[in-house]
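# Observations on the model geometry
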Amino acid sequence: MSRDQNNIFAGADRLIIITYVVLVILGWLNIYAAVYDEDHQNILDTSQKYGKQLIWISGAVIIAVSILLIDANFYTAFAYGFYGIVLFINIMVLFLGKEVKGSKSWFRFGDIGIQPAEFMKFAVNLALAKFLSNTNIVVSQQFRLRLNDLIKNYKNTVYALVFMVVPALLIMKFQKETGLAIVFVAFIIVLYREGMSVNFLIFGLLAATLFVVTLVVTQITSLLIALAVIGGAAILFIKRSRKNLIILALIFVCSAGVVLATNYVYNHLEPHQKDRIDILLQKKVDPKGKGYNVRQSKIAIGSGGFLGKGYLQGTQTKYDFVPEQDTDFIFCTVGEEWGFVGSTTIIFLELFLILRVIFLSERQRSDFSRIYGYGVAAVLFFHVAVNIGMTIGLMPVIGIPLPFFSYGGSSLWAFTILLFIFVKLDANRLLILR
Amino acid sequence: MSNPQLGDRKFIIGGFFCLIILIYICRLFYIQIIDEQYKDEAINNALRKRTEYPVRGYIFDRKGRLLVQNEPSYDLMIIPKETKGCDTMGLCEVLQINKQEYLRRYKKAIQAPNSPRKESIFEKQMSAPVYAALQEKMYRFKGFFVQKRTVRKYPRPIAAHLLGYVGEVTKEKAEKDPYYREGDYIGVTGIEKSYEEALRGIKGIQIAITDVHNKMVGRYMEGKYDTLAIPGKPLYCSIDIDLQEYGEKLLKGKKGACVAIEPSTGEILAVISSPSYDPNLLVGGKERARNFTKLYYDTLNLPLFNRALTAMYPPGSIFKLIGALIAQDDGLIDRNTVYPCAMGYPPMGGKPKCHAHGGGKNLPGSVAASCNSYYSYVFREIVDQKKYPVFKDGYNHWRDQVKTFGPGTRLGTDLPYDKPGNVPSTEYYDKVFGKNGWRSNTIVSLGIGQAELLLVPLQMANVVATIANRGYYYTPHCIKGVGNEKYLDPKFKVKHYVGVQKQEAYQNVIDGMQGALEPGGTAFTNRIKDIVVCGKTGTAQNPHGDDHAVFLAFAPRDNPKIAIACIVENAGFGNTWSAPIVTLMIEKYLKGKTDRPEVEKRMMEANLIDKKKPVAEKHR
């Protein structure tokens, strides 16, 4: 690998950069298709969203290049600094921001808006990487039932969680951007990679399953189901030692807690969030009302067929049947105009980018770089999974963008920063001594 | 810290990512390639349906004269996406709306369930001058077009309650019934409601497929599913326009109702509810809403209230006819039965009271003179007859017999909303007086049509039609036939036999009714030259003020052509206010004109609503 300092791309992973560029350009073309209007046919028209996106893309290129120009050590050294600054800006937006649709999360400068919550992702990732790469830190690996063990084992996990929970609460409770807050769940994957006990994941998965089951059936039924499953496990698989029985009893108590908490949580959701859950679980059928978006989104995608209707030929997206089709529902345009071939291409491009990031992370010598890399992969994957999942009716409607693809300057810039810091770290990996 | 043991977790994470993506790909494969449903719906979304509205069926009277016709009306439609370059200010000026209103309507047109690409109504039923002004400048209003529909027009402003009106369909109805869309018209009351399905016709639909530029690229399935509008069927009403109009004139200025039936068919010849309104008030867009509100809030006169079918009145003395029939049928009395009358019913100390009619009467005489005491005895004879040791069984026998004449149940006419009236049950009296707290004497005033007894005017007319037929009736209906084939529901061709079939009984009662219009009868002053009218007066006490004047009659005695009942609220004696109306209408119907112009003039001019009623003539 050449270490020519005059070439900013020296050591930078070509595949990642190419995939990034391809996604951004395809995104832009699809935004044009989604917003397309006979009266404004010029793709460079900055009064339209595709024109604006071009400006955002130019900005993103400048940002990417700048990141590659700065010394990699800068990101490691100032990780907490970044976190502090971005967190501060996210607090300031509550006072200086402009209210849009009931949430105060935007800075407005004339015609353009910046949503600082988007930038929280890379800041949290930096801080988390910094914290976990500290050699003294061990993310708990074992599960024991002694109090001091518990504290010793889980203390650092809890600290790590604080890095995510604080901005998540800030964004959810005060900026009222639930979608952007939920994203921080993705960092669980990083903790898992760094040694977090599988029990956490199992517990989490069980709790989530119970939550859904309780919403579908009644509390009593779901408690009985939990009891049956645990009892079955006790009889069939587990050696009936006293310890195991205590554990099973504990699991049951926790399950009961989840079941009882479900209705409380559900009843404290915003009405539109309840609706989205109900529609996903098919407890409510309302094709003209709350389920309208998802229904129209599925029609648009489903009508694309194998090869799609052709660029700019989508009737569903043209007639504005699908709302938000340039941002959260951009995948509909792809599905309708490019068909199955186009949609899978986009999905594979995103998946390739993510897997490439994981692959590169694993070859890092520095823990910081590896952990940061996993953070990038996790955040990207979470966005892809939730965004596309909601357009095809497999996920509730959560308003988060498709990385590098959806319209929006903040998300594009934030993802660019997130990704290119990693590209820089990776380019620099050979300079780092263990 | 890099822990070599954890290196395997990259496979778990990577595998998890791939698994999720695989699930998504499968899902995409399913909805994009296997499931055709979404493609159909997408085509549906891109289809432009253009509705062609059928002409609503005309309504004719029994002699084929036009009762209801149509008039063109124009709705201004908007397709919001195409309004670029529209002369908005000019449009506002023509429609006389301001910019805020324009924007409000524009917004409504682009929001669900409307769509910016689809047409929706911008201005309903424009008046002729507005339409003319608009037509001139239409080329300047891009994205707007005019849709032609029709609204009702009534050549003669009569029979408002009978005909009902046409209004916009309610949201609930539009959601439930696939025929209707919001903004469509539907019969709301009267004939327009009951015969909605025949009158509305069938909408035509033209379906076109559009491309991304909203240009029509062809007809959907080569026009296989396109249909032409089929006009509504004409309706042949049993009403006689002249009689209806004449009746409305006679009842003008009075509160009340009048129903005339042709006994041999059950066809309703006239059905009048007063005060009424001009049906032309309830057509058109804005005007209808304004007029409706005005009529709706006229709580003093209740012009929208159809008294002929839904006002329940105590029938008063006309009910004695039924008592006389039942008692004869049971063999309790005959033509020569005489009961004492001491200006009242002796066993209850002279209550109910009676009037001076000159001594004890035989049966026909008691009908002609309307003796209260006589019919109190008759009621007791029926209820307390030996056949029923328990008097409540006797009462139920009386009640069952009464109900065969119609009172107490909905007659089942073809008009919506007729009320059943009321014939109280034993359970009711048990509740009021206690289980053992009442006897036949307690409720003896039922025998003279008072107490809790209630009938709607239509039922009164049905009773007299039944007597005219000597024992049966056809369910009253206001339609001779639907469509050119003149289809009539078979249920209106069924003879309903009442509980009394003894022809002699009818003979005696009808003799009495004829006597009522002869010297010594209660309606002698309203006799008609050349026609034998059989009638019965009633003066119904009620809790709302002065007595209701009731009169019913049929004529001629043999082979009756018309049976008619009339009630004028709080007017006093039946003979003073109702009998003249009834006899004038009989004259009008049978002879075409009246021989008593002075009576006609007095009735038409009398106004009992707006000023204190004139002092009633001395009752004879």
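Being a predicted model, the structure only gives us computed values, none of them experimental. (Residues numbered from 1 in each chain as written. Chains lettered and ligands numbered in written order. Predicted model: local features only at pLDDT ≥ 70, side-chain atom pairs only at ≥ 80, totals over all residues. Heavy atoms only, no water.)

### Re the overall build of chain A
Let me state the cut-off plainly: The numbering of helices and of strands both runs from the N terminus, where a helix is a DSSP run of H or I of at least 4 residues and a strand a run of E of at least 2. Contacts: residue pairs with any heavy atoms within 4.5 Å of one another.
Looking only at helices and strands, chain A has 17 helices and three strands in total. Pairs at least 24 residues apart make up 71% of the contacts formed inside chain A by residues separated by at least 6 positions.

### Some thoughts on the interface of chain B and chain A
To be explicit about the condition: Note: buried area is the sum, over both parts, of the accessible area (probe 1.4 Å) each one loses when the two are combined. Salt bridges, as used here, are contacts in which a Lys or Arg side-chain nitrogen is within 4 Å of a carboxyl oxygen on Asp or Glu. The definition of a polar contact used here is a pair of N or O atoms within 3.5 Å, where within protein one atom must be able to donate a hydrogen and the other to accept one, and adjacent residues in sequence count solely through side-chain atom pairs.
Taken together, the contact between chain B and chain A spans 40 residues of the former and 61 residues of the latter. For the pairing of chain B and chain A, the buried interface totals around 4,400 Å² over both sides, and the portion due to carbon and sulfur atoms is 64%. Between the two partners, chain B and chain A, sit zero salt bridges. Linking chain B to chain A there are eight residue pairs in polar contact (both at pLDDT 80 or more). Mapped by element, the contributors of at least two residues to the side of chain B that touches chain A are helix 1 (9-34) and helix 2 (37-46) of chain B. The element that contributes the greatest number of residues to the side of chain B that touches chain A is helix 1 of chain B, accounting for 19 residues.

### Things to note about the sheet that holds strand 16 (residues 534-542) of chain B
All names here are of chain B. We count it as follows: Here, strands pair whenever DSSP counts at least two bridges between them. Under this scheme, a helix contributes an axis fitted over its contacting stretch, all axes are lines through C-alpha atoms, and angles between N-to-C directions fall in the 0 to 180 degree range.
Taken together, five strands build an open sheet; the order of strands is 12-11-18-17-16 and the sheet is antiparallel. The sheet is open, and its two edges are formed by strand 12 (267-274) and strand 16, each paired on a single side. The sheet shows a mean angle of 10° between the axes of neighbouring strands, taken without regard to direction. Relative to strand 18 (residues 562-568), strand 17 (residues 545-555) runs antiparallel, the two being bridged by seven bridges. Bridging across to strand 18, F551 finds its partner in C566.

### Brief notes about the pattern of salt bridges
Heads up, the condition is: Think of it in three bands: with a 1.4 Å probe and only protein chains considered, a residue is buried below 20% of the maximum accessible area for its type, exposed above 50%, and partly exposed in between.
The full count for this structure, using the stated rule, is 43 salt bridges over all chains. The partner of K49 of chain A in a salt bridge is D326 of chain A, with the nearest N and O atoms 2.7 Å apart. Within this pair, whereas K49 of chain A is found in helix 2 (residues 49-69), its partner D326 of chain A is found in the loop between helix 14 (315-318) and helix 15 (330-362), the two being separated by 277 residues in sequence. Exposure remark for K49 of chain A: the relative accessible area of 32% places this residue in the partly exposed category. Residue class for D326 of chain A comes out buried when judged on its relative accessible area of 9%. Connected through shared salt-bridge partners, D61, K63, R65, R156, D240, D242 and E245 of chain B make up one network.

### Observations concerning the environment of V367 of chain B
All names here are of chain B. Within the secondary structure, V367 is located in helix 14 (residues 363-369). Spatially, the C-alpha atoms of V367 and L446 are 16 Å apart, while their sequence positions differ by 79 residues. In contact with V367, other than residues within four places in its own chain, are L321, Y375, V509, G512, M513 and K536.

### Describing helix 3 (residues 88-95) of chain B
All names here are of chain B. Along helix 3, the positions that sit buried rather than exposed are G90, L91, C92, V94 and L95. Looking at the buried residues of helix 3, the elements they touch are strand 3 (66-78), helix 4 (99-110), strand 4 (120-126), helix 5 (128-137) and strand 5 (144-153). Where helix 3 terminates, the next one or two residues include Q96, which has phi positive at roughly 55°.

### Describing the environment of I230 of chain B
Residues and elements named next belong to chain B. Within the element layout of this structure, I230 appears in the loop between strand 9 (216-219) and strand 10 (235-237). Linking I230 and I12, residues 218 residues apart in sequence, is a C-alpha distance of 67 Å. Setting aside residues up to four positions removed in sequence, I230 forms contacts with P54, G201 and I202.

### Some points on the environment of P543 of chain B
All names here are of chain B. Along the polypeptide, P543 turns up in the loop between strand 16 and strand 17. Using a relative accessible area of 77% as the deciding quantity, one classes P543 as exposed. Through-space distance from the C-alpha of P543 to that of V582 is 25 Å; in sequence the pair is 39 residues apart.

### Some words on empty space enclosed by the protein
All names here are of chain B. Stated precisely, the cut-off is as follows: A 1.4 Å probe that fits into a set of points on a 1 Å grid over the protein atoms alone but cannot get out defines a cavity; an open set with protein on both sides within 12 Å along at least five of seven lines defines a pocket, and lining residues are those with an atom within 4 Å of a point. Grid points are joined across faces, edges and corners, and a volume is the space filled by probe spheres set on the points. Ten residues, namely Ala, Val, Leu, Ile, Met, Phe, Trp, Tyr, Cys and Pro, are considered nonpolar, four, namely Asp, Glu, Lys and Arg, are considered charged, and the remaining ones, Gly among them, are considered polar.
Applying the stated criterion across every chain, the model contains two cavities of 30 Å³ or more. Roughly 30 Å³ of volume is contained in the second largest cavity. Contributing to the lining of the second largest cavity are P315, I318, F319, I322, L455, M460, V463 and L552. Looking at the lining of the second largest cavity residue by residue, the class counts come to eight nonpolar, no polar and no charged.

### Looking at the packing of helix 13 (residues 320-329) of chain B against helix 15 (residues 372-383) of chain B
All names here are of chain B. Condition: Oblique is the label for every angle not falling under 35 degrees (roughly parallel), over 145 degrees (roughly antiparallel), or within 65 to 115 degrees (roughly perpendicular). We call a crossing left-handed when the near helix sits turned anticlockwise from the far one by less than a right angle, and right-handed when that turn is clockwise.
At their nearest, the axes of helix 13 and helix 15 sit 9 Å apart, and the two run at 45° to each other. Classified by the interaxial angle, the pair formed by helix 13 and helix 15 is oblique. The two elements helix 13 and helix 15 meet at a crossing, and its hand is left-handed. In contact with K320, G323, A324, I326 and A327 of helix 13, helix 15 contributes N372, Y375, V378 and I382. Across the contact of helix 13 with helix 15, the residue classes break down as six nonpolar, two polar and one charged.

### Focus: the domain arrangement of chain A
Formally: What counts as a domain boundary in this text is fixed by an automatic or database domain assignment.
Considered domain by domain, chain A is made up of domain 1 (14-142 + 152-186 + 271-431) and domain 2 (197-268). Taken over C-alpha atoms, the centre of domain 1 of chain A sits 33 Å from the centre of domain 2 of chain A.

### Looking at the sheet that holds strand 2 (residues 103-109) of chain A
Residue and element names in this part refer to chain A. One open sheet accounts for three strands, arranged 1-2-3; its pairing is antiparallel. Edge positions in the sheet fall to strand 1 (98-100) and strand 3 (112-114), since each of these pairs with one other strand and no more. Direction aside, neighbouring strands of the sheet carry axes that sit 55° apart on average. Bridge count between strand 1 and strand 2: three bridges; the pairing is antiparallel. Bridge assignment links K98 to a residue of strand 2, and that residue is W106. Along the sheet face, helix 4 (residues 79-96) touches strand 1 and strand 2 and points at about 85° away from the line of strand 2.

### What about the packing of helix 1 (residues 14-35) of chain A against helix 15 of chain A?
Residue and element names in this part refer to chain A. The geometry of helix 1 relative to helix 15 is characterised by a closest axis approach of 10 Å and an angle of 160° between their N-to-C directions. Taken together, the axis directions place helix 1 and helix 15 in an arrangement best described as roughly antiparallel. Considering only the axes of helix 1 and helix 15, their crossing is left-handed.

### Notes on helix 10 (residues 241-251) of chain B
Residues separated by three or four positions in an α-helix point in the same direction, a consequence of the helix having 3.6 residues per turn. Residues and elements named next belong to chain B. Counting buried positions over the 11 residues of helix 10 gives eight, a clear majority of the element. I241, L243, Q244, Y246, G247, E248, L250 and L251 are the residues of helix 10 that are buried. The positive-phi residue at the C-terminal boundary of helix 10 is G253, with phi of around 80°.

### Regarding the state of the cysteines
All names here are of chain B. Defined as follows: The criterion for a disulfide is a pair of cysteine sulfur atoms lying within 2.5 Å.
For the structure shown, the criterion picks out zero disulfides over all chains. C18 supplies the cysteine sulfur nearest to C26, a cysteine that is in no disulfide, at a spacing of 13 Å. Take C26: its relative accessible area is 47%, and that puts it in the partly exposed class. Considering cysteine sulfurs only, C258 is the nearest to C534, which forms no disulfide, with 17 Å between them. Judged by relative accessible area, C534 falls into the buried class, the value being 0%.

### Some details on unusual backbone geometry
Note the cis peptide between S274 of chain B and P275 of chain B, where omega equals 0°. Looking at the element boundaries, P275 of chain B is found in the loop between strand 12 and helix 11 (286-296). Between A555 of chain B and P556 of chain B the backbone carries a cis peptide bond, its omega angle lying at -15°. Looking at the element boundaries, P556 of chain B is found in the loop between strand 17 and strand 18. In this structure, F404 of chain A takes a positive phi of about 65° despite not being glycine.

### Looking at the confidence of the model for chain B
All names here are of chain B. Put simply, the rule reads: pLDDT measures the predictor's confidence residue by residue and takes values from 0 up to 100.
Chain-level pLDDT for chain B is 84 on average; 95% of the residues reach the 70-or-more range. Put simply, strand 9 is where chain B has its lowest mean pLDDT, 70, and strand 13 (residues 472-474) is where it has its highest, 94. Between residues 612-620, whose pLDDT stays under 50, and residues either more than four places distant or in other chains, the model counts 16 contacts.

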